[in-house]
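Breakdown of the fold
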There are 2 protein chains.
Amino acid sequence: MAAKKLSGFPEFLPEGRIVEQRVLESLSRTFELHGFGSIETRALETMDSLTRKGEIDKEVYAVKRIHAPADAPAEFGLHFDLTVPFARYVLENAGRLAFPFRRYQIQKAWRGERPQDGRYREFTQADVDIVGQGELAAHHDVELPLVTLDALERLHVDFGIPPATMEVSNRKLSEGFYRGLGLADPMAVLQLVDKLDKIGPDAVRGLLLEELAMPPAAANACLRLASIRAADTSFVDEVRGIGVEHPLLDTGLEELAQVVQTAQQLVPGRLVAALKIARGLDYYTGTVYETSMRGMEAIGSISSGGRYDSLASDQKNSYPGVGLSIGVSRILVPLIGKGALGASRPVPTVVLVAVDSEDARLAANETATRLRSRGIAAEVSPNADKYGKQIRYADRRGIPYVWFSAGEVKDIRTGEQQPADPDSWVPPAADLRPSVVQS
Amino acid sequence: MAAKKLSGFPEFLPEGRIVEQRVLESLSRTFELHGFGSIETRALETMDSLTRKGEIDKEVYAVKRIHAPADAPAEFGLHFDLTVPFARYVLENAGRLAFPFRRYQIQKAWRGERPQDGRYREFTQADVDIVGQGELAAHHDVELPLVTLDALERLHVDFGIPPATMEVSNRKLSEGFYRGLGLADPMAVLQLVDKLDKIGPDAVRGLLLEELAMPPAAANACLRLASIRAADTSFVDEVRGIGVEHPLLDTGLEELAQVVQTAQQLVPGRLVAALKIARGLDYYTGTVYETSMRGMEAIGSISSGGRYDSLASDQKNSYPGVGLSIGVSRILVPLIGKGALGASRPVPTVVLVAVDSEDARLAANETATRLRSRGIAAEVSPNADKYGKQIRYADRRGIPYVWFSAGEVKDIRTGEQQPADPDSWVPPAADLRPSVVQS
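Residues numbered from 1 in each chain as written. Chains lettered and ligands numbered in written order. Predicted model: local features only at pLDDT ≥ 70, side-chain atom pairs only at ≥ 80, totals over all residues. Heavy atoms only, no water.

**A closer look at the packing of aromatic side chains**
Quick note on the threshold: Two rings belonging to Phe, Tyr or Trp (six-membered ring only in the last case) form a pair when the distance between their centres is within 6.5 Å. Interplanar angles under 30 degrees mark stacking, angles over 60 mark edge-to-face geometry, and anything in between is tilted. By definition, any uninterrupted DSSP run of H or I lasting at least four residues is a helix, any uninterrupted run of E lasting at least two residues is a strand, and each is numbered from the N terminus. Burial classes: relative accessible area under 20% of the type maximum marks a residue as buried, over 50% as exposed, and values in between as partly exposed (1.4 Å probe, protein chains only). Whether a charge sits over a ring comes down to the Lys NZ or Arg CZ being within 6 Å of the ring centre and within 35 degrees of the ring normal.
The final tally for this structure, using the stated rule, is 20 aromatic pairs over all chains. Taking the centre distance of 5.5 Å and the plane angle of 65 degrees together, the rings of A:Phe9 and B:Phe76 count as edge-to-face. Residue A:Phe9 is located in the segment before α1 (14-33), and its partner B:Phe76 is located in strand β4 (residues 76-78); the two belong to separate chains. The exposure classification of A:Phe9 matches that of B:Phe76, with both residues buried. Members of the aromatic cluster, connected to one another through ring pairs, are A:Phe9, A:Tyr61 and B:Phe76. The ring centre of A:Phe86 lies 3.8 Å from the NZ or CZ of A:Arg103, which sits over that ring.

Spelled out as structure tokens, the structure:
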């Protein structure tokens with residue numbers, strides 16, 4: 001069987017996986033501390049439900065049984081995000097959920113696109129959303145970025161992952177502004193403005209003039225709007241200063257000011273109004289978010305999201321929602337790949353119990369059992385070689401302690417050896433589990 | 001968007017998901033206590049690597065980009081177990097792993113088969129394996145079932161999941177026995193004997209006579225072998241008593257006796273020799289395991305596995321392995337589905353912080369932040385309704401405590417209310433996280 005690496009499908013060695021485990025535990029814990037419960041949905045959705053949203057169907061992986069007729073259409077597709085499955089889950093279980101429903105969801109998703117920096121064909125996302133039945137109060141538009149920033153800050157403090165800054169804007173604000181300028185297709189403008197970071201303001205201006213045949217004054221106004229950035233509500237006067245008016249613009253300004261004002265009090269400088277934020281093709285209807293990590297701006301937004309007036313709807317209700325998605329693979333694959341993050345050791349094992357002879361294996365097993373019963377991970381040496389060889393085995397595996405049948409334990413990093421009882425010995429707390437280390 | 005349930009793709013409500021989370025945490029913890037590290041592999045393998053093992057290709061879900069040419073063969077398939085991906089991972093990373101390599105892997109797998117009791121099209125497995133480079137000592141054949149039994153026993157003790165009994169046999173034993181009888185195709189016999197539990201001994205005898213044209217005395221000997229079951233090494237004499245001889249039979253008897261003898265000392269009565277165990281089409285070469293849960297025998301084996309002489313091989317080495325797979329979905333879907341297992345509450349939240357008015361939301365946020373900083377999950381009421389309504393909201397969500405701005409906390413289950421400080425109040429330990437409850 002030939003080993004085959006597939007580009008765009010990142011896999012970690014055991015050491016990298018430990019980093020990922022700790023990060024996922026930390027994210028889950030933060031979400032739960034904020035009262036969000038976990039759900040998981042199946043990886044497969046009907047092709048029908050995956051392909052109703054604009055151009056995304058280009059990237060779907062279609063799934064069918066290998067023995068289905070060759071010309072039969074694919075019944076299923078792998079989900080390409082966690083929003084479509086969540087919407088389906090909410091509709092399917094609406095009668096059994098309490099609203100507003102608070103859920104987080106950490107799963108893999110798949111897109112059949114060409115792999116490139118920060119984009120994978122299989123990737124892990126951590127989504128956190130709140131969804132109402134019929135209505136959802138505006139204050140959740142600031143709650144969700146606060147939860148996400150709290151989660152990212154924990155990763156920064158505990159694991160040294162770079163600090164994050166979130167940028168926020170509002171679709172009503174931009175749409176109202178474009179309508180106030182007399183532009184007929186606000187969505188088209190938004191999609192061009194979305195290219196600002198990639199191609200720069202001059203190129204975007206060119207596109208606005210050529211593709212949308214926009215008057216130069218209007219294009220300048222759009223670029224001026226997109227250039228506004230503020231950590232406080234001063235952006236409101238800046239927008240007013242451009243002199244465009246529209247009722248939807250007023251609503252958008254008010255909603256965004258509320259979000260920024262609260263954030264300024266609770267996480268000063270970390271949630272910043274940036275009116276260039278557009279979220280291209282995604283179907284948000286109000287607040288939108290993007291997040292950059294210091295020193296890793298090139299990989300794109302590591303947490304994006306926004307508000308939907310209607311995440312889903314059935315005969316009786318619509319389900320408005322607001323949420324964000326953290327790109328776990330986008331953050332971790334480069335950091336682990338270039339060795340910036342690793343584990344203090346590549347195995348969970350604290351103690352290797354040495355074996356004097358195969359006849360003594362049962363006694364060694366019992367020692368290991370006694371250590372494990374007190375939460376100390378232990379494995380028994382695979383062979384009864386000389387102690388020196390067993391110690392080298394522990395060293396090669398990254399196991400810090402070796403236990404000898406005479407009732408002694410050796411820290412093989414320092415060489416220190418001391419008498420110990422398997423019913424009472426404890427390692428230093430730092431050795432109990434492998435931890436995340438930066439280099 | 002219409003909600004669509006798909007048969008064979010189980011999904012849990014938030015309460016059931018809590019049970020699953022606790023079970024998966026428990027399994028991971030046990031595996032790590034025994035020195036097994038986690039890995040995850042991509043969900044997709046090349047179609048090539050998935051279809052080389054016998055008949056299993058019937059059940060593979062093929063995957064291709066939705067815009068790939070209709071007549072292009074599928075490039076990928078979803079993995080149908082965690083063994084094929086693990087073998088590929090070992091080969092791909094052999095130079096960077098320490099052998100014997102000990103790994104566990106908890107992931108979903110997919111089979112495109114018709115759903116039935118205990119069989120799903122998407123399901124979660126928890127695999128634990130040890131793999132050597134070139135060689136792997138025989139004592140691991142008892143280590144792996146002990147790890148698995150320890151994991152299952154924890155689920156029994158902590159969550160009330162029914163107790164498990166593992167049955168063990170050995171492929172060399174049965175193959176040697178059949179060869180000693182002069183039978184030319186031991187694999188064919190094994191596959192018929194594998195039907196014993198489903199169709200009974202008379203029907204199997206019929207098949208042996210008809211399909212394999214076996215002499216009646218040989219068929220009787222095969223059935224007699226399959227009927228042998230013992231919690232100690234007495235099975236050796238029973239097999240000898242049948243009077244069949246073959247060197248491979250001797251090896252198999254010796255290997256199985258070793259496993260049973262050690263298990264008898266460490267987990268008396270829980271790992272039992274049962275010579276009917278065949279593992280049908282799986283390509284094991286030595287020890288084989290199956291596991292039943294008391295009262296749930298009808299769903300089939302909840303943990304199976306065995307020894308491979310060569311899990312994988314490359315130009316330089318072969319990689320023998322032994323391991324087991326726990327059918328997490330097979331255990332949990334029926335127990336959660338029929339309500340035998342649930343959670344003490346369906347949300348992680350301990351405290352709902354009440355809101356007096358929208359102006360007081362910021363202060364409520366700060367109270368919640370102080371509780372969270374000490375590990376107490378808290379959410380802020382979504383609205384500033386009258387306290388009675390906010391309490392009913394907490395009740396509907398299953399949140400046990402409501403916090404009032406006057407500095408009081410109410411246990412809404414008992415109605416008891418007392419003064420409390422968000423920097424020091426702690427709930428009873430049992431309320432800190434939702435726990436698994438039996439009904």
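**A closer look at the side chain of B:Glu45**
Residue and element names in this part refer to chain B. Quick note on the threshold: Distance and chemistry together define a polar contact, namely a pair of N or O atoms within 3.5 Å, with one atom able to donate a hydrogen and the other to accept it when in protein, and with adjacent residues in sequence counting only for side-chain atoms on both sides. Two residues form a contact once any of their heavy atoms are found within 4.5 Å.
Tracing the sequence through the fold places Glu45 in strand β2 (residues 44-46). At a separation of 2.7 Å, a polar atom in the side chain of Glu45 contacts the side chain of Arg88. Setting aside chain neighbours within four positions, we find Glu45 in contact with Leu50, Glu75, Phe76, Gly77, His79, Pro85 and Arg88.

**Digging into the domain arrangement of chain A**
Just so we agree on the cut-off: Domain start and stop points were drawn from an automatic or database domain assignment.
Annotation of chain A at the domain level lists domain 1 (14-32 + 113-342) and domain 2 (351-427). For domain 1 of chain A and domain 2 of chain A, the distance between their C-alpha centroids amounts to 52 Å.

**A word on the packing of helix α4 (residues 140-159) of chain B against helix α10 (residues 247-266) of chain B**
Residues and elements named next belong to chain B. Which entries qualify depends on this criterion: Angular values range over 0 to 180 degrees, each being the angle between N-to-C directions of two axes fitted as lines to C-alpha atoms, with helices fitted over their stretch in contact. Orientation labels follow simple angle bins: below 35 degrees gives roughly parallel, above 145 gives roughly antiparallel, 65 to 115 gives roughly perpendicular, and whatever is left gives oblique. Left-handed describes a crossing whose near helix is turned anticlockwise from the far helix by less than a right angle; the clockwise case is right-handed. Each residue is assigned to one of three groups, with Ala, Val, Leu, Ile, Met, Phe, Trp, Tyr, Cys and Pro labelled nonpolar, Asp, Glu, Lys and Arg labelled charged, and all others, Gly among them, labelled polar.
Two numbers describe how α4 lies on α10: the axes approach to 9 Å, and their chain directions differ by 40 degrees. Considering their axes alone, α4 and α10 lie oblique with respect to each other. The way α4 lies across α10 gives a crossing that is right-handed. Of α10, the residues touching α4 (which contributes Asp141, Val142 and Leu146) are Val259, Thr262, Ala263 and Leu266. Tallied by class, residues from the contact of α4 with α10 come to 5 nonpolar, 1 polar and 1 charged.

**Considering the nonpolar core**
What counts, and what does not: Throughout, nonpolar core names a set of buried Ala, Val, Leu, Ile, Met, Phe, Trp, Tyr and Cys residues whose side chains join them through atoms within 4.5 Å.
Core analysis: the biggest nonpolar cluster contains 85 residues, and A:Leu27, A:Phe31, A:Ile161, A:Phe235 and A:Leu332 have the highest contact counts within it. Considering every element that reaches this core, the biggest residue donor is helix α4 (residues 140-159) of chain A, with 9 residues. Ignoring any residue separated from it by four or fewer positions in sequence, one finds A:Leu27 in contact with A:Ile106, A:Ala126, A:Ala151, A:Leu155, A:Ile326 and A:Val328. Membership of the second largest hydrophobic core comes to 84 residues, among which are B:Val168, B:Leu208, B:Phe235 and B:Ile242.

**Considering the environment of A:Glu25**
By the secondary structure assignment, A:Glu25 is in helix α1. A polar contact of 3.1 Å, which involves the side chain of A:Glu25, links it to the side chain of A:Arg433.

**Considering the relation of the copies chain A and chain B**
For the record, the criterion: Superposition of the copies was done by least squares, using only C-alpha atoms of residues whose pLDDT is at least 70 in both.
Note on the identical chains: chain A maps onto chain B by a rotation of 180 degrees and an axial translation of 0.0 Å, with an RMSD of 0.0 Å. Such a combination of turn and shift is consistent with a two-fold rotation axis. Among all C-alpha atoms of chain A, that of A:Val63 lies closest to the rotation axis, at 2.3 Å.

**A word on helix α6 (residues 186-193) of chain B**
All names here are of chain B. Most of α6 sits inside the fold, with 6 of its 8 residues counted as buried. Considered for burial, the residues of α6 that qualify are Pro186, Ala188, Val189, Leu190, Leu192 and Val193. If you follow the buried residues of α6, they end up packed against α5 (171-180), α7 (196-211) and α8 (216-226).

**Brief notes about unusual backbone geometry**
Residues and elements named next belong to chain A. Note that the residue after Phe99, namely Pro100, is joined by a cis bond; omega there is -5 degrees. Structurally, Pro100 is set in the loop between α3 (83-93) and β5 (101-110). Look at Ala213: it is not a glycine, yet its phi comes out positive at around 50 degrees. As for its position among the elements, Ala213 is in the loop between α7 (196-211) and α8 (216-226). A residue is classified by how much of its surface remains accessible, and Ala213, at 63% relative accessible area, is exposed.

**Thoughts on the sheet that holds strand β17 (residues 408-411) of chain A**
Residue and element names in this part refer to chain A. Just so we agree on the cut-off: For two strands to be treated as a pair, DSSP must find no fewer than two bridges joining them.
Judged by pairing direction, the sheet is mixed, and its 5 strands sit side by side in the order β15-β14-β16-β17-β18 without closing on themselves. Looking at strand neighbours, the two that pair on one side only are β15 (378-380) and β18 (417-419), the edges of this open sheet. Strand-to-strand twist of the sheet, defined as the mean angle between neighbouring strand axes without regard to direction, takes the value 25 degrees. Packed on one face of the sheet, helix α12 (residues 361-373) meets β14 (351-353), β15 and β16 (401-404) and runs near 175 degrees to β15.

**Side note on the pattern of salt bridges**
What counts, and what does not: What counts as a salt bridge is simple: a side-chain nitrogen of Lys or Arg found within 4 Å of a carboxyl oxygen of Asp or Glu.
Applying the stated criterion to the full structure yields 56 salt bridges over all chains. With a closest N to O distance of 2.9 Å, A:Asp129 and A:Arg103 form a salt bridge. One end of the pair, A:Asp129, is in strand β6 (residues 122-131); the other, A:Arg103, is in strand β5, and 26 residues separate them in sequence. For A:Asp129, a relative accessible area of 7% corresponds to the buried category. The class of A:Arg103 is buried, set by a relative accessible area of 0%. Among the ionic pairs, B:Asp197 bridges to B:Lys276, the shortest N-O distance being 3.1 Å. Remark: B:Lys276 occurs in the loop between β9 (271-274) and β10 (287-293) and B:Asp197 occurs in helix α7; sequence separation between them is 79 residues. Judged by relative accessible area, which is 62%, B:Asp197 ranks as exposed. Among the charged side chains, a network of salt bridges with common partners joins A:Glu11, B:Arg42, B:Glu45, B:Arg88 and B:Glu92.

**A look at a positive patch on the surface**
The line we're drawing: Note on patches: the residues involved have over 30% relative accessible area and no salt bridge, like charges join within 9 Å, and the nonpolar side chains Val, Leu, Ile, Met, Phe, Trp and Tyr join within 5 Å. A 1.4 Å probe and the Shrake-Rupley method give the accessible areas. Residues count as covered only by the protein chains that appear here. His is not counted here, nor are the chain ends, while Lys and Arg score as positive and Asp and Glu score as negative. In plain terms, the charge of a residue is placed at NZ if it is Lys, CZ if Arg, CG if Asp and CD if Glu.
A surface patch of positive charge is lined by A:Lys386, A:Lys389, A:Arg392 and A:Arg396. Among the secondary structure elements, A:Arg396 is positioned in helix α13 (residues 387-397).

**Comments concerning the packing of α8(A) against helix α9 (residues 235-242) of chain A**
Residues and elements named next belong to chain A. Their axes nearest at 10 Å, the elements α8 and α9 cross at an angle of 175 degrees. Regarding the angle of α8 to α9, the classification is roughly antiparallel. Judged by residue contacts, Ala221, Arg224 and Leu225 of α8 engage Val239, Gly241 and Ile242 from α9. Among the residues forming the contact of α8 with α9, the class breakdown is 4 nonpolar, 1 polar and 1 charged.

**Let's talk about α5(B)**
Residues and elements named next belong to chain B. Buried residues dominate α5, accounting for 7 of its 10 residues. Of the positions making up α5, those classed as buried are Arg171, Lys172, Leu173, Ser174, Gly176, Phe177 and Tyr178. In this structure, the buried residues of α5 make contact with β7 (164-170), α6, α8, α9 (234-242), α10 and β10. The first or second residue beyond α5 is Gly182, which carries a positive phi of 85 degrees.

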